[in-house]
Amino acid sequence: MPITELLEKNAKLYPDDVCLVEINPDLEEKRRVTWREYELIQPDVRQHYRREITWHVFNEKANRVANLLLSRGIQKGDKVAILLMNCLEWLPIYFGILKTGALAVPMNFRFDSEEIKYCLDLSETDVLFFGPEFVGRIEEIVDEIDDKRIIFYVGGDCPSFAEDYDKLSANCSSIAPDIKLTEEDDAAIYFSSGTTGFPKAILHNHESLSHSAKVEQNHHGQTKDDVFLCIPPLYHTGAKMHWFGSLLSGGKAVLLKGVTPKTILETVSNEGCTIVWLLVPWAQDILLSIERGEVNLDDYKLDQWRLMHIGAQPVPQSLIKKWKALFPHHDYDTNYGLSESIGPGCVHLGVENIHKVGAIGKAGFGWETKIVADGKVITEPNEVGELAVKGPGVMTCYYNNPEATAEILKDGWLYTGDMAMYDEDKFIYLVDRKKDVIISGGENLYPVQIENFISKFSKVKDVAVIGLADERLGEIAAAIIEIKPGEDCSEEEINEFCKELPRYKRPKKVIFADVPRNATGKIEKPLLRERYNSTNLVAAENKA
């Protein structure tokens, strides 16, 4: 079914149940109110700003968005972009777009002006919704984009170059438009993370979105009583597709703007959250805060928290070992996916497989997997090849880019670009990105393996391994290491720790510096290569 039918079902079954809560710990009530109809709850004693809406209001707001767009000539197949920070407006706007038959085009809030214009042009977007955080960036390019696009501003004090979404939508009908949708209809364009250059536009249909909801609910067993804490950005497939589990079950979700250990634990406690999706750095920060005594777990009500899961990046085994020691009653899962496979879930570990931490798991609900090397399917353990996935959540194509589509889609299989291997029980382990493989003296080095090892060192907060050009070996492995606050660490200590690695895998250079990650938690390897004048020979060969 089209994903919009799930929203309409919940509005009928649970009209007065709260479905979304927005919490901004650093925002006072007077700062920003965009939808006057929303019931506002006064900040609590901690001065948290909190808003909430019910399923009925959510659906009504989505209908107003749809009717506003239809009144401006938007038709089935048109494209409507969303450039907003996480907020209560985000998801109703998204679903309002879908209800018109148009395609939702979520945009990365880290895009600069040039990237925003690039993505608007690439996706052939007709309408842009943007928030107050982006006024400056849009103002820089408005003369280039406003002659052929409708620009709606979502927030107070509407700038002169945009139209006031709040005022205009308030006068639109709250009745659902009569637009017929099928699973085969195009639904959304997402953008690749951009960590390898300018993003590609990824086209998905309604079947992809609906299947992601089924996958999430099947993997994590969401019920009406579960409360999902959503912290990562909604523009990314990961956050939204995990929330689709709440959409399918009719449960509540909390959008938290703020990722300090204290705000996360306070929100879990105050809102009764049962499911929390974290990125590795946030989980590490929570553990560090507990170790340093900056937070006291006895101050929070956490008994109801049943599941902690992580996605978007490899997970150090040492992190989960420490987590389970502090939270033994938590189920743990890791999810693997790409925006091309509608985000998380095409591979997942499974809460029953905690003994396999370090693996990404096996094929997810409704998915198939295979590992391929030199045109042959690998079946034996410990042989490295490229991971490919197949299922209802595979993208339709890269929009207007048949050449790039043909490179990654073959006979219905999506070739992920991730190097992987099986263990003896057919669990899949990520080895590295195909383009990140380092060839040093003829040996293939997989940075993720080295990163996972170094991350076990007690003084290390984060680590990234890249290849640096070397006259004799072609490339050498360099470890960029971020040390935990308050710790001192020397290169000699790292080298001594790495003696447990085979000699050829040990980093030949150690650099102490911050490790940059993007909004979805992935290490920004291209930025590091640029910063340290790295020439990746494998990447050059792949382009040839």
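Residues numbered from 1 in each chain as written. Predicted model: local features only at pLDDT ≥ 70, side-chain atom pairs only at ≥ 80, totals over all residues. Heavy atoms only, no water.

(A) Focus on helix 10 (residues 280-291). Across its twelve residues, helix 10 extends 17 Å between first and last C-alpha, which sits within 8% of the 16 Å expected from 1.5 Å per residue. Taking burial as the measure, the twelve residues of helix 10 include ten buried ones, the bulk of the element. Inspection of helix 10 places Val 280, Pro 281, Trp 282, Ala 283, Gln 284, Ile 286, Leu 287, Leu 288, Ser 289 and Ile 290 among the buried residues, and these make up the whole buried set. Lining the buried residues of helix 10 we find helix 9 (261-271), strand 13 (275-278), strand 14 (307-311), helix 11 (317-326) and strand 27 (460-470). One or two steps after helix 10, the chain reaches Gly 293, where phi turns positive at roughly 75°. (Helix = DSSP H or I, 4+ residues; strand = E, 2+ residues; numbered from the N terminus. Expected span 1.5 Å × (residues − 1). Buried < 20%, exposed > 50% of the residue type's maximum accessible area, 1.4 Å probe, protein only. Contact = heavy atoms within 4.5 Å.)

(B) Molecular detail of the packing of aromatic side chains. Overall, the coordinates contain 19 aromatic pairs when judged by the stated rule. Here Phe 95 and Trp 243 contribute two aromatic rings whose centre-to-centre distance is 6.0 Å and whose plane-to-plane angle is 75°, an arrangement assigned as edge-to-face. Of this pair, Phe 95 sits in helix 3 (residues 90-99) while Trp 243 sits in helix 8 (residues 237-249), and the two are 148 residues apart along the sequence. Exposure class is identical for Phe 95 and Trp 243. Each is buried. Ring centres 4.9 Å apart and planes at 35° place the aromatic pair Phe 453 and Phe 497 in the tilted group. Placement of the pair is Phe 453 in helix 13 (residues 447-454) and Phe 497 in helix 14 (residues 491-497), with a sequence separation of 44 residues. There is no split in this pair, since Phe 453 and Phe 497 are both buried. Taken together, the ring pairs connect Trp 55, Phe 58, Trp 90, Tyr 94, Phe 95, Trp 243 and Phe 244 into an aromatic cluster. The ring of Trp 413 is capped by Lys 370, whose NZ or CZ atom sits 4.4 Å from the centre of that ring. (Phe/Tyr/Trp six-rings, centres within 6.5 Å; stacked < 30°, edge-to-face > 60°. Lys NZ or Arg CZ within 6 Å of the ring centre and 35° of its normal.)

(C) Inspection of the environment of Gly 417 at higher detail. The topology assignment puts Gly 417 in strand 23 (residues 413-422). Judged by relative accessible area, which is 13%, Gly 417 ranks as buried. Here the alpha-carbon distance between Gly 417 and Gly 385, two residues 32 residues apart in the chain, equals 9.5 Å. Excluding residues within four positions of it along the chain, Gly 417 makes contact with Glu 386, Leu 387, Asp 432, Arg 433 and Lys 434.

(D) Seen up close, a negative patch on the surface. A surface patch of negative charge is lined by Asp 112, Glu 114, Glu 139 and Glu 140. Looking at the element boundaries, Asp 112 is found in the loop between strand 5 (103-106) and helix 4 (113-122). Residue Asp 112 is classed as partly exposed on the basis of its relative accessible area of 36%. (Patch = residues over 30% accessible without salt bridge, like charges linked within 9 Å, V, L, I, M, F, W, Y side chains within 5 Å. Areas by Shrake-Rupley, 256 points an atom, 1.4 Å probe, with all protein chains shown as cover. Salt bridge = Lys/Arg side-chain N within 4 Å of Asp/Glu carboxyl O. Lys, Arg positive; Asp, Glu negative; His and termini not counted. Charge placed at Lys NZ, Arg CZ, Asp CG, Glu CD.)

(E) Representation of the pattern of salt bridges in the model. Here the structure, examined in full by the defined rule, presents 24 salt bridges. For Glu 163, the salt bridge goes to Arg 72, with nearest N and O atoms at 2.8 Å. In this pair, Glu 163 is assigned in strand 8 (residues 163-164) and Arg 72 in the loop between helix 2 (55-71) and strand 4 (79-83), connecting sequence segments 91 residues apart. One salt-bridge network, held together by shared partners, links Glu 22, Arg 51, Glu 89 and Lys 257.

(F) Structural view of empty space enclosed by the protein. Applying the stated criterion across every chain, the model contains four cavities of 30 Å³ or more. What lines the largest cavity is a set of 14 residues, among which Gln 284, Lys 322, Ser 455, Val 460 and Lys 484 lie closest to the centre. Among the elements of the structure, helix 10, helix 11 and strand 27 are those that each provide at least two residues to the lining of the largest cavity. Sorting elements by how many residues they give to the lining of the largest cavity places helix 10 first, with four residues. For the lining of the largest cavity, the residue count by class is six nonpolar, three polar and five charged. (1 Å grid on protein atoms, 1.4 Å probe; cavity = no way out; pocket = protein on both sides within 12 Å on 5 of 7 lines; lining within 4 Å. Points joined across faces, edges and corners; volume = space filled by probe spheres on them. Nonpolar A, V, L, I, M, F, W, Y, C, P; charged D, E, K, R; others polar.)

Purely geometric stuff here, so don't read any function into it on its own.
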